[in-house]
Amino acid sequence: MFTGIVTDIGEIESLKATAQGQLHRLRIACRYDRASIADGASIACNGICLTVVASGVAQGRTWFDVDAAAETLAMTTAKHWGVGTKLNLERALKIGDELGGHIVAGHADGVATIISSDDLPDMARFHLRTTRELARFIAAKGSVTLDGVSLTVNTVNDTAFSVLIIPHTLQVTTLGGWQAGAEVNIEVDLMARYAARLTEMK
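Let us look at the structure shown here. (Residues numbered from 1 in each chain as written. Predicted model: local features only at pLDDT ≥ 70, side-chain atom pairs only at ≥ 80, totals over all residues. Heavy atoms only, no water.)

## So, the overall build of the chain
Helix and strand counts for the chain stand at four helices and 12 strands. A compact globule built from 202 residues should have a C-alpha radius of gyration of about 17 Å, and the chain, at 17 Å, falls within 12% of that. Dimensions along the principal axes, computed over C-alpha positions, put the chain at roughly 50 × 45 × 40 Å. Looking at the chain as a whole, 42% of its 202 residues qualify as buried. Partitioning the contacts of the chain with sequence separation of at least 6, the portion at a separation of at least 24 is 69%. If you average the places of the 18 positive and of the 22 negative side-chain charges in the chain, the two averages end up 3 Å apart. (Helix = DSSP H or I, 4+ residues; strand = E, 2+ residues; numbered from the N terminus. Rg over C-alpha atoms; globule rule 2.2 N^0.38 Å. Buried < 20%, exposed > 50% of the residue type's maximum accessible area, 1.4 Å probe, protein only. Contact = heavy atoms within 4.5 Å. Lys, Arg positive; Asp, Glu negative; His and termini not counted. Charge placed at Lys NZ, Arg CZ, Asp CG, Glu CD.)

## Thoughts on the pattern of salt bridges
Taken as a whole, this structure holds six salt bridges when the rule is applied. A salt bridge links Asp65 to Arg27, with the shortest nitrogen-to-oxygen separation between them at 2.8 Å. Placement of the pair is Asp65 in strand 5 (residues 61-68) and Arg27 in strand 2 (residues 23-30), with a sequence separation of 38 residues. The exposure class assigned to Arg27 is partly exposed, which follows from its relative accessible area of 27%. Arg132 is the salt-bridge partner of Asp158, the closest N and O atoms lying 2.9 Å from each other. Residue Asp158 is located in the loop between strand 10 (149-157) and strand 11 (160-165), and its partner Arg132 is located in helix 2 (residues 132-135); the two are separated by 26 residues in the primary sequence. Using a relative accessible area of 48% as the deciding quantity, one classes Asp158 as partly exposed. Classification of Arg132 as exposed rests on a relative accessible area of 55%. (Salt bridge = Lys/Arg side-chain N within 4 Å of Asp/Glu carboxyl O.)

## Some remarks on the packing of aromatic side chains
Scanning the model with the defined rule gives one aromatic pair in all. When the ring of Phe126 is compared with that of Trp178, the centres are 5.0 Å apart and the planes differ by 70°; the resulting orientation is edge-to-face. A residue pair is termed long-range when its members are at least 10 positions apart, and Phe126 in strand 8 (residues 123-129) and Trp178 in the loop between helix 3 (167-172) and strand 12 (183-188) qualify at 52 residues. By the burial criterion, Phe126 is buried, and Trp178 matches it. When the ring centre of Tyr32 is taken as reference, the NZ or CZ atom of Arg91 above it lies at 5.0 Å. (Phe/Tyr/Trp six-rings, centres within 6.5 Å; stacked < 30°, edge-to-face > 60°. Lys NZ or Arg CZ within 6 Å of the ring centre and 35° of its normal.)

## Structural notes on the sheet that holds strand 6 (residues 86-91)
With respect to topology, six strands assemble into a closed barrel ordered 1-2-5-4-3-6, the strand pairing being antiparallel. Between one strand axis and the next, the sheet turns by 45° as a mean value, whatever way the strands run. (Pairing = 2+ DSSP bridges. Axes fitted to C-alpha atoms, helices over the stretch in contact; angles between N-to-C directions.)

## As for the side chain of Thr3
Residue position: Thr3 is located in the segment before strand 1 (8-18). The exposure class of Thr3 is buried, given its relative accessible area of 4%. A distance of 3.4 Å separates a polar atom in the side chain of Thr3 from the backbone nitrogen of Ile5. Apart from residues no more than four positions distant in its own chain, Thr3 is found in contact with Glu90, Leu93, Glu98, Leu99, Gly100, Gly101, His102, Val104 and Ser150. (Polar contact = N/O pair within 3.5 Å; in protein donor to acceptor, adjacent residues only side chain to side chain.)

## Considering the sheet that holds strand 7 (residues 110-120)
Taken in spatial order, the six strands of this closed barrel run 7-8-11-10-9-12, and their pairing is antiparallel. Neighbour to neighbour, the strand axes of the sheet diverge by 45° on average, direction disregarded. Looking at chain direction, strand 10 and strand 11 are connected through four bridges and run antiparallel. Within the sheet, the bridge partner assigned to Val153 lies in strand 11 and is Val163.

Purely spatial values, then, with no claim about function.
Shown next, in the form of structure tokens:
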């Protein structure tokens, strides 16, 4: 489990497609302490929970390897990642950690497309659109995870919604580089999903 509070920005150093392109082995450079990364650990990469299969240090910088499997490549922006891609990183939540964002599973539900952005004094408002299936879980003042970042939904209009990004978030995540037309990973709020399921079963 995660909270949607990014703790580092990683960079893909290498990518190797295997299993006829159905599996991508990624090497990601980061600033985490190598000693704190164990094989089998979970690290959210742009909101996708990936399992560490190896780690080390090269030229004074920590790296870790993860595998992105076929379903991840099909459902998320991972299929577009390449060498040099910057990723929002978050370590798995530990019991007793501060829950600064909201409960995030790291299981991206799909993608949202950036429609446009509004430049505000030291801030930015992004307008996005997602599928109707996912849009039904998005509500004004509710939570949504975009590229691994816990955000509050400002407005909702059918399948479109907007989020306001504060200066700190723009500085410590990749969101400052978002452009219209780009796709981002989206995970809807778990509570909204369970509430919808309970309603369906009545």
